[in-house]
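Here is how the chains run, residue by residue.
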Amino acid sequence: MIPDQWYAVLDSSEVKAGRPVGVTRLGEKMVFWRDDQGQVSCMADLCPHRGCALRIGKIVHNHIQCPFHGFEFDSSGRCQLVPANGKAAQTPKALQVKTYPTREAHHFIWIWWGEPRETYPPLPFFDDLEDGFSYMVDKAVWPVHYSRAIENQLDVFHLAFVHDTTIGRGNRTLSNGPLVKLDGEHMDIWVYNEVDDGSHVALRPGDLPEPARPPFLRFIFPNIWMNRISENMRIVVSFVPVDENHTLFYLRYYQRMVRVPLLRELFNLLTLLSSRVILKQDERVVVTQRPPKSEAKMNEKPIVQDRPIVTYRKHRQELMDQAGKKA
Ligand code: FES
Ligand SMILES: [Fe+2]
């Protein structure tokens, strides 16, 4: 995982008032809960007293209460009550739960995976999804390292093979370009696939004109991706590293073509169901990739059309190196 980054790790609707939620994210067991103001906190799912899981505790007095001996912790992880010592007693400083800086925006819950700091970079998201879009949410878990899951969604020339019965119909096997632009933490990709009539070899990125339209794919490091199917249809995915061997997809299907209530929900549902088929087609091949985790330097033989993937690997490594140097 790339340290010192904001990760969207839960859908907002998954953390309800009064009920702690225990999940594994980025290889660590965490508990999320809301205080009386609805503010979400994330902390290690481990009571510092004697190691019980806080996720099976309760929310009381605006604190999370360990189910074992009733110790209460506030949203900063500080112990505020040891019932056995009495309400009048001071609580020992050592009783501190590890916390993760947490934000809530775009209906996601985000955590900062890295050392806390004075100021944080803005949350990575897409700025053109507010106006008139509705969306449906789906989730899927793949038994793969997140690097392979992300790279699959940056791969522009597998469509005619993996999705020959769905989005890859039409046999557009010849893949010109693609154009890839990395700007800060944004990677934009323009795709130019066509049917191969045998008349020419694939055009190289330098042979393509400057694109006049927005990118087909945008990926924002570390884990947010958008497929711009059309001006009025988008797919957004947060690829959440659960642990080294599992990746959780939060998928959102945005559209603003059908706006009449009920009809709109039906349309969104049909999109979601057909997308599940497409995602299963991807999963079938990605789970077989070896080694299970990709690296900037590894024994694969990428071709020019793999540029999005190579760019992803290189920049991921740069970010990890940067974080390593600071640590
Ligand atoms: S283990 Fe949590 S209060 Fe004892
Ligand atoms: Fe695919």
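Residues numbered from 1 in each chain as written. Chains lettered and ligands numbered in written order. Predicted model: local features only at pLDDT ≥ 70, side-chain atom pairs only at ≥ 80, totals over all residues. Heavy atoms only, no water.

1. Brief notes about the overall build of the protein
In terms of helices and strands, the protein carries four helices and 18 strands. Dimensions of the protein along its principal axes, counting C-alpha atoms only, are 85 × 50 × 35 Å. A total of 327 residues make up the protein; the buried ones form 49% of that total. A separation threshold of at least 6 residues defines the contact pool for the protein, and within that pool the share at least 24 residues apart is 60%. When the accessible surface of the protein is summed, it comes to about 16500 Å², and 55% of that surface belongs to carbon and sulfur atoms. Placing the 41 positive and 39 negative side-chain charges of the protein at their respective mean positions leaves the two points 4 Å apart. (Helix = DSSP H or I, 4+ residues; strand = E, 2+ residues; numbered from the N terminus. Buried < 20%, exposed > 50% of the residue type's maximum accessible area, 1.4 Å probe, protein only. Contact = heavy atoms within 4.5 Å. Areas by Shrake-Rupley, 256 points an atom, 1.4 Å probe, with all protein chains shown as cover. Lys, Arg positive; Asp, Glu negative; His and termini not counted. Charge placed at Lys NZ, Arg CZ, Asp CG, Glu CD.)

2. Quick notes on the packing of aromatic side chains
Overall, the coordinates contain 16 aromatic pairs when judged by the stated rule. Between F219 and Y312, the ring centres sit 5.6 Å apart and the planes meet at 80°, which makes this aromatic pair edge-to-face. Here Y312 lies in helix α4 (residues 307-326) and F219 lies in strand β15 (residues 217-220), a separation of 93 residues in the sequence. Accessibility classification places F219 together with Y312 in one group, the buried group. With 5.5 Å between their ring centres and 15° between their planes, F221 and Y312 make a pair best called stacked. In this pair, F221 sits in the loop between β15 and β16 (224-230) while Y312 sits in helix α4, placing the two residues 91 residues apart along the sequence. No difference in accessibility class separates F221 from Y312, as the two residues are buried. Taken together, the aromatic side chains of F108, W110, F125, F126 and Y250 make up a single cluster linked through ring pairs. Taking NZ or CZ as reference, R252 lies 3.8 Å from the ring centre of F108, over its face. (Phe/Tyr/Trp six-rings, centres within 6.5 Å; stacked < 30°, edge-to-face > 60°. Lys NZ or Arg CZ within 6 Å of the ring centre and 35° of its normal.)

3. Some thoughts on the sheet that holds β16
Judged by pairing direction, the sheet is antiparallel, and its seven strands sit side by side in the order β12-β18-β17-β16-β15-β14-β13 without closing on themselves. Each edge of the sheet is formed by a strand with only one pairing partner; in this case those strands are β12 (134-142) and β13 (174-183). Between one strand and the next, the sheet's axes are offset by a mean angle of 15°, whatever the strand orientation. In this structure, strand β14 (residues 186-194) lies alongside β15, joined through four bridges in antiparallel fashion. Residue pairing across strands places H186 opposite I220, the latter belonging to β15. (Pairing = 2+ DSSP bridges. Axes fitted to C-alpha atoms, helices over the stretch in contact; angles between N-to-C directions.)

4. Some thoughts on the coordination of the iron ion (ligand 2)
Ideal geometry at a metal gives 109.5 degrees between four tetrahedral donors and either 90 or 180 degrees between six octahedral ones. Protein-derived coordination of the iron ion (ligand 2) comes from H158 (NE2), H163 (NE2), D282 (OD) and D282 (OD), at a distance range of 2.0 to 2.6 Å. Taken together, the four donor atoms coordinating the iron ion (ligand 2) and their angles of 55 to 150° define a geometry best described as irregular. Mapping the donors of the iron ion (ligand 2) onto the primary sequence gives the spacing H-x4-H-x118-D. Across this residue pair, the class does not change: H158 and H163 are buried. (Donors = N, O, S within 2.8 Å, 3.2 Å for Na, K, Ca; no water. Tetrahedral: all angles 85-135°; square planar, octahedral: opposite > 155°, others 65-115°.)

5. Quick word on the pattern of salt bridges
On inspection of all chains with the given rule, the structure shows 20 salt bridges. For K181, the salt bridge goes to E210, with nearest N and O atoms at 2.9 Å. Remark: E210 occurs in the loop between β14 and β15 and K181 occurs in strand β13; sequence separation between them is 29 residues. Taking the relative accessible area as the measure of exposure, K181 reaches 33% and is therefore partly exposed. Judged by relative accessible area, which is 60%, E210 ranks as exposed. (Salt bridge = Lys/Arg side-chain N within 4 Å of Asp/Glu carboxyl O.)

6. Comments concerning the domain arrangement of the protein
Annotation of the protein at the domain level lists domain 1 (5-113) and domain 2 (134-326). The C-alpha centroid of domain 2 is placed 34 Å from the C-alpha centroid of domain 1. Contacts between domain 1 and domain 2 engage 16 residues on the former and 16 residues on the latter. For the pair domain 1 and domain 2, the two sides together bury roughly 1300 Å², of which 57% comes from carbon and sulfur. Interface area lost by domain 1 to domain 2 is led by Q5, Y7 and F108, which between them contribute 35%. When the shortest N-O distance is used, the salt bridge between D11 and R252 registers 3.3 Å. Here domain 1 is connected to domain 2 by 10 residue pairs in polar contact (both at pLDDT 80 or more). Mapped onto the side of domain 1 that touches domain 2, the elements with two or more residues apiece are β1 (5-11), β2 (21-25) and β11 (108-113). At seven residues, β1 tops the list of elements feeding residues into the side of domain 1 that touches domain 2. (Domains from an automatic or database assignment. Buried area = accessible area lost by both parts, 1.4 Å probe. Polar contact = N/O pair within 3.5 Å; in protein donor to acceptor, adjacent residues only side chain to side chain.)

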